[in-house]
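The chain contents come next:
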Amino acid sequence: MKDEIDIQAILFTLQQFDVKLFSNNSTELINIATGVSPDAETSWSIVTAMAQGAETTQKFIQDRLLNAIKPFYTAIYRLKIPSFDFVAKSLQPAIKPKVSKI
């Protein structure tokens, strides 16, 4: 019974954000702590991150192991997939509060 109440509370919270829950076609993301959604480009990047990583892995295997186009120990570059970091930065106060020393 307690689990059911918890599930209902979570669903109620999510429904307040007007998001199509559990849709296979949805690429809309939302930070449930803040209620902020990233723009469409950032959402798409996050949703397709696994596919981008798999593609990069295959390129690594092809270029370094199978075809030896690049030396094995050449630096691996980051994909630079955006995240919800912009939310935390935008919600920080512009003026930092002064802390008095006692």
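Now for a look at the structure at hand. Computed from a predicted model, the values in this text were never measured in an experiment.

Conventions used here
- For every chain, the first residue of its written sequence is number 1, and the numbers climb from 1 along that sequence.
- Per-residue local features are limited, in this predicted model, to residues with pLDDT of at least 70; the limit for side-chain atom pairs, both in listing and counting, is 80 or more; totals at the level of whole chains, interfaces and linings are taken over all residues.
- Side-chain calculation: all heavy atoms of the structure are included, whereas hydrogens and water are not.
- Counting from the N terminus, the helices are DSSP H or I runs at least four residues long and the strands are E runs at least two residues long.
- Classification of residues uses two cut-offs on accessible area relative to the type maximum, computed with a 1.4 Å probe and protein chains only: under 20% is buried, over 50% is exposed, and between them is partly exposed.
- Computed by Shrake-Rupley with a 1.4 Å probe, the accessible areas treat only the displayed protein chains as cover when residues are assessed.
- Exposure above 30% relative accessible area and no salt bridge define the residues that can form patches, which grow by joining like charges within 9 Å and nonpolar side chains of Val, Leu, Ile, Met, Phe, Trp and Tyr within 5 Å.
- By salt bridge we mean one thing: a side-chain nitrogen of Lys or Arg within 4 Å of a carboxyl oxygen of Asp or Glu.
- To obtain the arc, one takes the directions from the helix axis to the C-beta atoms.
- Pairs of residues are marked as contacts when any of their non-hydrogen atoms sit within 4.5 Å.
- Site definitions follow a grid-based scheme: protein atoms alone, a 1 Å grid, a 1.4 Å probe that fits but cannot get out for cavities, and for pockets an open set with protein on both sides within 12 Å along at least five of seven lines, plus lining residues having an atom within 4 Å of a point.
- Grid points are joined across faces, edges and corners, and a volume is the space filled by probe spheres set on the points.
- For this classification, Asp, Glu, Lys and Arg are treated as charged, while Ala, Val, Leu, Ile, Met, Phe, Trp, Tyr, Cys and Pro are nonpolar and the rest, including Gly, are polar.
- Take the residue count of a helix, subtract one, and multiply by 1.5 Å to get its expected span.
- Only Phe, Tyr and Trp rings are paired, with Trp represented by its six-membered ring, and only when their centres lie within 6.5 Å; those with planes under 30 degrees apart are stacked, over 60 edge-to-face, the remainder tilted.

If you tally the helices and strands in the protein chain, you get four helices and zero strands. Counting from the amino terminus, helix and strand elements in the protein chain follow one another as α-α-α-α. Within the protein chain, buried positions represent 11% of all 102 residues. For the protein chain, the exposed surface amounts to about 9100 Å²; the carbon and sulfur share of it is 60%.

Below, the discussion takes up a nonpolar patch on the surface. On the surface, Leu 65, Leu 66, Phe 72 and Tyr 73 cluster together into a nonpolar patch covering about 510 Å² of accessible area. Mapped onto the fold, Leu 65 is located in helix α3 (residues 49–66).

Restricting attention to buried positions, one finds in helix α2 (residues 40–47) the residues Thr 42, Ser 43 and Ser 45. Along the axis of α2, the buried residues cluster in a sector spanning 160°; they form a single face. Pointing more than 90 degrees away from the buried face of α2 are the exposed residues Ala 40, Glu 41 and Trp 44. Tucked inside the fold, the buried residues of α2 contact α3.

We now examine the layout of surface pockets. In this structure, the largest pocket encloses a volume near 190 Å³. For the largest pocket, the full set of lining residues is Thr 56, Thr 57, Lys 59, Phe 60, Asp 63, Arg 64, Lys 70, Ala 75, Ile 76, Tyr 77, Arg 78 and Leu 79. Considering only residue class, the lining of the largest pocket consists of five nonpolar, two polar and five charged.

This part covers α3. An α-helix turns once per 3.6 residues; consequently, residues spaced three or four apart project the same way. In this model, α3 (18 residues) spans 24 Å end to end at C-alpha, consistent with the 26 Å of a helix rising 1.5 Å per residue. Once α3 ends, the next one or two residues include Ala 68, with phi positive near 50°.

Let us now look at the packing of aromatic side chains. The full count for this structure, using the stated rule, is two aromatic pairs. A ring pair is formed by Phe 60 and Phe 72, whose centres lie 5.8 Å apart and whose planes are at 65°; its orientation type is edge-to-face. Placement of the pair is Phe 60 in helix α3 and Phe 72 in the loop between α3 and α4 (85–91), with a sequence separation of 12 residues. You can call Phe 60 partly exposed: its relative accessible area is 23%. Looking at Phe 72, the relative accessible area reads 41%, which means it is partly exposed. Look at Phe 72 and Tyr 73: their rings are 5.1 Å apart centre to centre, the planes differ by 90°, and that puts the pair in the edge-to-face class. By way of ring pairs, the aromatic residues Phe 60, Phe 72 and Tyr 73 are connected into one cluster.

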